[in-house]
Amino acid sequence: MTSDICESQHRGNPLVSCESALSQLLMRATPPRSAEPIPLLASLGRVLGKAISLDRMEPPLPRSAMDGFALRSEDQEIPRELLSTVYAGTAEVPMIGVGQAVAVMTGGTVPPGADTVVPVECTEVHEGTLFVQEMPLAGRHIRQAGEMGMEGKDILHAGQRMTSADITAAAGCGAKEVQVFPKPRVVILSTGDEVVPWDTIPALHEVRDSNRVGVALQVESFGGFVVEQTHVLDDPEALESSVADALAIADLVITIGGVSMGQKDHLPEVFASLHVEKLFHGVSVQPGKPVWAGCRNQQFVLGLPGNPISSFVMLEIFGRPLLNQLSGQHSPKLPQPQAGVLLTPASSRKRPRYLPATSSVQEDGLIGVRVCEESGSGDWSALAGANALLLLPPRAERHVGDAITYLPLG
Ligand code: AMP
Ligand code: MG
């Protein structure tokens, strides 16, 4: 009986599924309205607020795709008079007439009159005369003028998070300055009387503030900007003033700890007194069940449970998509589950489970997934080496060799 109550509610709130909790959260989050200009080379990881388009027809002239000879295919295999050499960057090119050809290097303009390029390895030259060893075909080895697109064609679209490949394409467009959405501003508050700075030596009854370090890095990797992070004691007044200060400057406030069943878990009351509307408190998931989420207009609060694995997993499940949406990013917002093969046994109880794991390609080409050994959701050592989360449905018993799904991290 007791365990059934545990599985259906948290502090009087009905447990909701991860999927429904996430959609409630994302439904409330709107993308940023305005974009700001930044230099292209500073745009890695930023989300485009405006499309980037071709500033001229590309390529503007037909270009050779091979080192070879440009000529008329119509003249078939007759020997040809070689007029000159066109290099990549040669501005002036001759007209090709009947029985004529030019040597052309990759990227060089294919002269008017020529309609094909014969690669150098299919030719011979004797005393200024070119002999082709195969029948030339019209259009071969030529990048036609405009084949990439006409001036004004969008190459990158608003809502794309810029990768190095995108920046390469934007550089091709000559986009010195690009419009990007502002990064969501995030304040991180770790809580707990027992929590001390991670780079100090804790007393036996204390723990290092390791979560805050990881949460800040996760936030940055999801496209957020950590404007401030600090630690707060389990004191209702201190918590209230810290959360109020955070709400004065943040798009998203992330708290760590203090949302569970303990006598010093004050945050739900603090959020309520600051008029943060609760979206959910309690999700049917292991670990992370006590997770809290709410909003005040377009500001969001994510209350992560303090256990290190819970905090890590809940930020991955809720924080990543929320930050992607607040960044203005279009799809894909979520890492897609991948298929793998289990290398260590794993099981779940009544709730769906996410387990830190390592995934790697095996000799047979399949992805092997090994669960990181953990002694519970407080076992931060299980995060070492994790590059995936194994996904288990409720009441699952999986054995070595079973097909499973996992989420890749990072
Ligand atoms: P709580 O959610 O506040 O009940 O905390 C659950 C567990 O997580 C407790 O054992 C805490 O000591 C631990 N914990 C809370 N915050 C942190 C943190 N920032 N870093 C590491 N462990 C933490
Ligand atoms: Mg606590």
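What counts and how
Residues numbered from 1 in each chain as written. Chains lettered and ligands numbered in written order. Predicted model: local features only at pLDDT ≥ 70, side-chain atom pairs only at ≥ 80, totals over all residues. Heavy atoms only, no water. Helix = DSSP H or I, 4+ residues; strand = E, 2+ residues; numbered from the N terminus. Contact = heavy atoms within 4.5 Å. Areas by Shrake-Rupley, 256 points an atom, 1.4 Å probe, with all protein chains shown as cover. Lys, Arg positive; Asp, Glu negative; His and termini not counted. Charge placed at Lys NZ, Arg CZ, Asp CG, Glu CD. Near = heavy atom within 4 Å. Polar contact = N/O pair within 3.5 Å; in protein donor to acceptor, adjacent residues only side chain to side chain. Nonpolar A, V, L, I, M, F, W, Y, C, P; charged D, E, K, R; others polar. Salt bridge = Lys/Arg side-chain N within 4 Å of Asp/Glu carboxyl O. Buried < 20%, exposed > 50% of the residue type's maximum accessible area, 1.4 Å probe, protein only. Pairing = 2+ DSSP bridges. Arc of directions from axis to C-beta. Axes fitted to C-alpha atoms, helices over the stretch in contact; angles between N-to-C directions. Parallel < 35°, antiparallel > 145°, perpendicular 65-115°, else oblique. Left-handed = near helix turned anticlockwise from the far one by under 90°. Core = buried A, V, L, I, M, F, W, Y, C linked by side-chain atoms within 4.5 Å. Domains from an automatic or database assignment.

1. Re the overall build of the protein chain
- Secondary structure summary: the protein chain contains 7 helices and 29 strands in total.
- C-alpha atoms of the protein chain, sized along the principal axes, occupy 95 × 50 × 40 Å.
- Contacts in the protein chain between residues at least 24 apart in sequence constitute 71% of all its contacts with a sequence separation of at least 6.
- Here the protein chain has roughly 20000 Å² of accessible surface; of this, 55% comes from carbon and sulfur atoms.
- Computed over 31 positive and 46 negative side-chain charges, the separation of the two mean positions in the protein chain equals 7 Å.

2. A short note on the site of ligand 1
- The immediate surroundings of ligand 1 are formed by 16 residues, with Glu-194, Asp-209, Gly-258, Gly-306 and Asn-307 found nearest.
- At a separation of 3.3 Å, a nitrogen atom of ligand 1 approaches a polar backbone atom of Asn-211.
- The backbone of Asn-307 places a nitrogen or oxygen atom 3.2 Å from an oxygen atom of ligand 1.
- Compared with its free state, where it exposes 480 Å², ligand 1 has 79% of that area covered by protein.
- Here the shell around ligand 1 is built from residues that sort into 4 nonpolar, 8 polar and 4 charged.

3. Some words on the pattern of salt bridges
- If you walk through the whole model with that rule in mind, you get 11 salt bridges.
- For Arg-56, the salt bridge is made with Glu-58, and the minimal N-O distance between the two is 2.8 Å.
- Looking at Arg-56, the relative accessible area reads 39%, which means it is partly exposed.
- With its nearest N and O atoms 3.1 Å apart, the salt bridge here joins Arg-72 to Asp-75.
- Relative accessible area serves as the criterion here: at 18%, Arg-72 is assigned to the buried category.
- Exposure remark for Asp-75: the relative accessible area of 9% places this residue in the buried category.
- Linked through salt bridges whose partners overlap, the residues forming this network are Arg-72, Glu-74 and Asp-75.

4. Quick look at the pairing of strand β10 (residues 123-126)
- With 4 bridges joining them, β10 and strand β11 (residues 129-132) adopt antiparallel strand pairing. What sits directly across from Val-125, in β11, is Leu-130.

5. As for helix α3 (residues 164-172)
- All of the buried residues along α3 are Asp-166, Ile-167 and Ala-170. On an axial view of α3, the arc spanned by its buried residues comes to 100°, and they lie on one face. Opposite the buried face of α3, by more than 90 degrees, sit the exposed residues Ser-164, Ala-165, Thr-168 and Gly-172.
- Of the surrounding secondary structure, the elements contacted by the buried residues of α3 are β4 (52-53) and β13 (154-156).
- Residue Gly-174 follows α3 closely and has a positive phi angle near 70°.

6. A word on the pairing of strand β8 (residues 100-104)
- Counting buried positions over the 5 residues of β8 gives 5, a clear majority of the element.
- Residues Gln-100, Val-102 and Val-104 of β8 are buried on one face, and the alternating residues Ala-101 and Ala-103, pointing to the opposite face, are buried as well.

7. As for the packing of helix α2 (residues 18-28) against helix α7 (residues 308-326)
- Two numbers describe how α2 lies on α7: the axes approach to 10 Å, and their chain directions differ by 25°. It follows from the interaxial angle that α2 and α7 lie roughly parallel. Remark: the crossing between α2 and α7 carries right-handed chirality. Contact with α2, carried on its side by Cys-18, Ala-21, Leu-22, Leu-25 and Leu-26, involves Ile-317, Phe-318, Pro-321, Leu-322 and Gln-325 of α7 and no other residues of that element.
- Per-class residue counts for the contact of α2 with α7 are 9 nonpolar, 1 polar and no charged.

8. Regarding the nonpolar core
- If you look at the biggest cluster of nonpolar residues, it comprises 44 residues, and the most contacted ones within it are Val-219, Ile-254, Phe-280, Val-283, Leu-302, Phe-318 and Tyr-354.
- Per-element tally for this core: the top contributor is α7, with 10 residues.
- Looking at this core, you find at least three residues from each of domain 1 (3-32 + 182-326) and domain 4 (338-408).
- Here Val-283 is in contact with Leu-15, Val-16, Ser-17, Cys-18, Ala-21, Lys-289, Val-291, Phe-318 and Arg-351, once residues within four sequence places are set aside.
- Core analysis: the next-biggest nonpolar cluster, separate from the first, contains 17 residues, Leu-189, Ala-246, Leu-247 and Val-276 among them.

9. So, the sheet that holds β11
- Overall, mixed pairing links the 6 strands, which are arranged β9-β6-β8-β7-β11-β10 in an open sheet. Each having just a single partner strand, β9 (116-119) and β10 make up the two edges of the open sheet. Geometrically, the sheet is characterised by an average inter-axis angle of 40° between neighbouring strands, direction not taken into account.
- Taken together, the 4 bridges between strand β6 (residues 68-71) and β9 define a ladder with antiparallel strand orientation. For Gly-68, the partnering residue across the bridge sits in β9 and is Pro-119.

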